[in-house]
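Each chain, written out:
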Amino acid sequence: MVRTHIPGFPRIGAQRELKFAQEAFWRGELDEANLREVGAQLRTRHWRTQRAAGLDFVCAGDFAWYDPMLSTSALLGALPERFGFDARTLSLVQYYALARGNAAQPAMEMTKWFDTNYHYLVPEIGPQTRFEGGVEWLLEEVDEAHALGHEVKPVLIGPLTWLWLAKSRVAGFDRLALLPGLVARYARVLEALKARGVEWVQLDEPALCCDLDAAWHEALTTAYDQLGHSGVKLLLGTYFGSAAQHAPRVAKLPVQGVHIDLVRAPEQLDVWRAALRDDQVLSAGVIDGRNVWRADLAAIADTLRETHAQFGERLWIAPSCSLAHVPVSLEGERRLDAQVKSWLAFATEKLTEVRTLALALADRVAAQPQLEAASAALAARARSSAVINALVQKRTAAVDAAMARRANAFDVREHAQRDALRLPLMPTTTIGSFPQTQAIREARAAHRRGELSALDYLERMREETARAVRCQEALGLDVLVHGEAERNDMVEYFAELLWGFAVTENGWVQSYGSRCVKPPLIYGDVYRAEPMTVDAIRHAQSLTTRPMKGMLTGPVTLLQWSFVRDDQPRAVTALQLALAVRDEVCDLEKAGIGIVQIDEPAFREGLPLRRAEHEAYFDWAVRAFRVASSGVADATQIHTHMCYSEFNDILPAIAALDADVITIETSRSAMELLDAFGEFAYPNAIGPGVYDIHSPRVPGVDEMVRLIERACETIPAARLWVNPDCGLKTRAWPETEAALRNMVSAARVLRERMAASAREAGATVAA
Ligand code: GLN
Ligand code: ZN
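Keep in mind that this is a model prediction, so the values were computed, not measured.

## Here we look at the packing of aromatic side chains
Here is step 1: Counted according to the given criterion, the structure contains 24 aromatic pairs.
Here is step 2: With centroids separated by 5.2 Å and ring planes inclined at 70°, the aromatic side chains of Trp499 and Tyr527 adopt a geometry described as edge-to-face. Here Tyr527 lies in strand E16 (residues 521–527) and Trp499 lies in strand E13 (residues 499–502), a separation of 28 residues in the sequence.
Here is step 3: Plain terms: the ring middles of Phe677 and Tyr682 are 5.2 Å apart, the flat faces sit at 70° to each other, and that makes the pair edge-to-face. This pair shows no difference in class: Phe677 is buried, exactly as Tyr682 is.
Here is step 4: Three or more aromatic residues joined by ring pairs form one cluster here, namely Phe25, Trp26, Tyr66, Tyr95, Tyr96 and Trp137.
Here is step 5: Looking at Arg43, its charged tip hangs above the ring of Phe63, at a distance of 4.6 Å from the centre.

Structure representation (structure tokens):
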């Protein structure tokens, strides 16, 4: 019979137990022994779940006290030298210092794991990096699983991927120079696992699904030629795309198996079937590890039939990738619409799907009831009136080029907006949110519990808006915002108001460390039944004579931060979202709002891993934004906002959005980013963040003046805005007011300076 396994299980726990334990430990309320106990309980529970589902292996090594990349670095002994820690005796306090920084050192850099929303800690390497061994938590966890009587398959991030994701500050340093030492250390780890009686080890190499050059292809051979002799069987794990180009090479390596992602890249199956040796295992990743829909088990079983005939017991069945990217279990969903719930499979339910497929291949008749149940759920979903909205489909199909284009070009709109808005040079504004105070959160919780009526809640939020408006007026900001008090989350807020979306109670997914997100589900055609923000923004505008900026989340970000339906292309869903946002933008305009910001912080996140696919992504993502933003008159000013990523390489796409103003996070490398915008000759207006909202530090007026002056060197002052680099919801009021006061002063200093030099220039001409 075919074997079943998973590349990884969510570590945080169904009730986010790990998060709460970590945070209690950081606050000093939980000691190390108790934290370790919580970790052990979670592992025990997750292994039992895997065993109960009938999997042939349980997975170890998918647990981490903060992040598996960091844990791998600690295991290898490759920690940033600047902390001065000995990896072999690393304590949890030190481990967390690496992840979160301490009094002496800033945290290790964190960035997104491939094209997921998970963030890992970037290994810091250099010519001095040695791999002298480190903490043996992985080995202890394997012992723990063995002691509980499990057959365990440890999983580790592989050497190529670890090195490929590592960064060196030494210019020109060739990371591959570290390969021999790195591989030698991996070999020691594998030997230690072998000594513990482990049969199979999964080494994850998602880097193989990215664009790698020839040197890295060679490195694959070098590394695995050596690792293949450690005595354990190696399962080379690939996911998030096709690794087909490596198939001929893998067939020559001393690895006993390969795992491939057949959800993202089903077309690679034939290549691997043809390439693999007859002693190599093929682990078919056929259950979607990145999404929450029930699989069409009968159809998958059909596509695997020939492969099964060819591989027999050498065919394994698995999810496409680690299940850490989906919530733990549907069990915690009591309020979710029963119909929608019947279409879903979270991590725990996916284990059963994997198992059912194995059964179906061995004994189709025995599996028939489960296959039929899955098919019935899918058929119901396909027919459901909750999914299909003919109106939306018709409208989406009818979107034409004109709807994705403003009536006039930026230079024409610019004049119309100048006349309409009458803003000073270098206008000051903020990104949208003001501090989400304890009081706001409590009011929301009380409203949720039914203790605060809808009307009272609305009233409370209006008070918050009034406070934000008063504050902004007193500070002298030029373009105001209502402050977003009513928004728990910039995506979930809209998900609750739009048709075609569902929100979960406990659908948590780890974003990084102790931070979890609860992505909404898009299950049907997206439809905006009525205005979502117009009342709140109109009310805010009624409190002031200054322009009030309407605040919306853009279609690409709504898509990117949700679980997206898998029964139509992402591009179509994006367009439906775009139409919903477009209607909102137009309604705001009708309500007299002259400036609307459409946030797209996740715009870059959707970028495919392979460069060859970038253009196709930009085509539909840019179009979605343009459809959302192009329904308004010239005089209505469209802003967008982006953050959390590097933008230098996507400037043409950002320009193609044709927003009148983009406010953008620059805090980490303001100069570099501005140079890039300058060099590219970004055509529209831009508000580079002049201070970092991620820190409570209040920057001085001079500091911001210097930054704006520097910006003026690359961007004409007439197209420059002055703003913080992101929303202020995580900050407290005192530092917010202090920083904004300085920011407004800085803009005034510069305006006066410019006026003075203009007068001087005028005087010279006159003379
Ligand atoms: N308007 C949002 C806010 O200010 C933008 C958030 C974001 O960029 N992530 O909170
Ligand atoms: Zn932001």
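## Focus on the sheet that holds strand E21 (residues 685–688)
Here is step 1: In spatial order, the strands read E17-E18-E19-E20-E21; together these five strands make up an open sheet with parallel pairing. At either margin of the open sheet sits one strand with a lone partner, and together these are strand E17 (549–553) and E21. Neighbour to neighbour, the strand axes of the sheet diverge by 20° on average, direction disregarded.
Here is step 2: Here E17 runs beside strand E18 (residues 595–599); their pairing, made up of five bridges, is parallel. Residue pairing in the sheet places Lys549 in a bridge with Ile595 of E18.

## Points about the side chain of Ser242
Here is step 1: Looking at the element boundaries, Ser242 is found in the loop between strand E9 (233–237) and helix H9 (247–250).
Here is step 2: Of the polar contacts made by the side chain of Ser242, one reaches the backbone nitrogen of Ala244; its length is 3.1 Å.
Here is step 3: Other than its neighbours up to four places away in sequence, Ser242 contacts Leu208, Cys209, Ala265, Glu267, Gln268 and Arg610.

## Here we look at the coordination of the zinc ion (ligand 2)
Here is step 1: For the zinc ion (ligand 2), the full set of protein donor atoms is His641 (NE2), Cys643 (SG) and Cys726 (SG), and the range of their distances to it is 2.1 to 2.3 Å.
Here is step 2: Around the zinc ion (ligand 2), the four donor atoms sit at angles spanning 92 to 126°, and that spread fits a shape best called tetrahedral.
Here is step 3: Look at where the donors of the zinc ion (ligand 2) fall in the sequence and you get H-x1-C-x82-C. Within this pair, whereas Cys643 is found in the loop between strand E19 (637–642) and helix H24 (651–657), its partner Cys726 is found in the loop between helix H26 (701–714) and helix H27 (733–766), the two being separated by 83 residues in sequence. The pair formed by Cys643 and Cys726 is uniform in burial state, with each residue classed as buried.

## Topic: helix H13 (residues 347–362)
Here is step 1: Under the 1.5 Å per step criterion, the end-to-end length of H13 is 23 Å for 16 residues, consistent within 8% with the ideal 22 Å.
Here is step 2: In this structure, the buried side of H13 is in contact with strand E1 (3–4), helix H2 (32–52), strand E11 (281–287), helix H11 (297–311), strand E12 (315–319) and helix H14 (364–383).

Conventions and cut-offs
Residues numbered from 1 in each chain as written. Chains lettered and ligands numbered in written order. Predicted model: local features only at pLDDT ≥ 70, side-chain atom pairs only at ≥ 80, totals over all residues. Heavy atoms only, no water. Phe/Tyr/Trp six-rings, centres within 6.5 Å; stacked < 30°, edge-to-face > 60°. Helix = DSSP H or I, 4+ residues; strand = E, 2+ residues; numbered from the N terminus. Buried < 20%, exposed > 50% of the residue type's maximum accessible area, 1.4 Å probe, protein only. Lys NZ or Arg CZ within 6 Å of the ring centre and 35° of its normal. Pairing = 2+ DSSP bridges. Axes fitted to C-alpha atoms, helices over the stretch in contact; angles between N-to-C directions. Polar contact = N/O pair within 3.5 Å; in protein donor to acceptor, adjacent residues only side chain to side chain. Contact = heavy atoms within 4.5 Å. Donors = N, O, S within 2.8 Å, 3.2 Å for Na, K, Ca; no water. Tetrahedral: all angles 85-135°; square planar, octahedral: opposite > 155°, others 65-115°. Expected span 1.5 Å × (residues − 1).

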